[in-house]
Amino acid sequence: MPLLYIDLIEGRTPSEVGALLDAVHESVVEAFGVPPRDRYQVVRTHPAHEIVALDTGLGITRSTHQVIVHVVSRRRTRAMKEKFYELLAGNLAGRCGLDPADLIVSVTENGDEDWSFGHGRAQFLTGELQ
């Protein structure tokens, strides 16, 4: 945890997707302080016409290499989120050649009662996880 949904325009190779997922995970581990084995990622690929991501008036030009990351997580501080955004943009640029203009991130927060990691139990509530 957190759970990450990563939406991409189709066309990347499996090794490119793997590098992208590794860069995302390293950013989560460093910014949020989660254990390295705390890795939950789902990649969805789309034809280019299925993703519309304009610039919200910020003057951002995007390419067909867009990466949209939706993070579902326990509550994180503002500083942790800002660190995550910065690390993520830097890691994806450095390891994957992604232009930071092509990165969109959204965080949705929830509570301990909103998670079950298996066996029909809420492990944060049962004490199996901290």
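Identification of the protein chain as Putative tautomerase YolI from Mycobacterium seoulense is taken from an unreviewed UniProt entry.

This part covers the pattern of salt bridges. One pass over the full model with this rule turns up seven salt bridges. Residue Arg-95 pairs with Glu-26 through a salt bridge whose shortest N-O separation is 2.6 Å. Of this pair, Arg-95 sits in helix H2 (residues 78-96) while Glu-26 sits in helix H1 (residues 14-32), and the two are 69 residues apart along the sequence. Using a relative accessible area of 38% as the deciding quantity, one classes Glu-26 as partly exposed. Between Glu-128 and Arg-121 there is a salt bridge whose closest N-O contact spans 3.0 Å. Overall, the relative accessible area of 42% leaves Glu-128 in the partly exposed class.

Here is what the cut-offs are and how they apply
- Residues numbered from 1 in each chain as written.
- Predicted model: local features only at pLDDT ≥ 70, side-chain atom pairs only at ≥ 80, totals over all residues.
- Heavy atoms only, no water.
- Salt bridge = Lys/Arg side-chain N within 4 Å of Asp/Glu carboxyl O.
- Helix = DSSP H or I, 4+ residues; strand = E, 2+ residues; numbered from the N terminus.
- Buried < 20%, exposed > 50% of the residue type's maximum accessible area, 1.4 Å probe, protein only.

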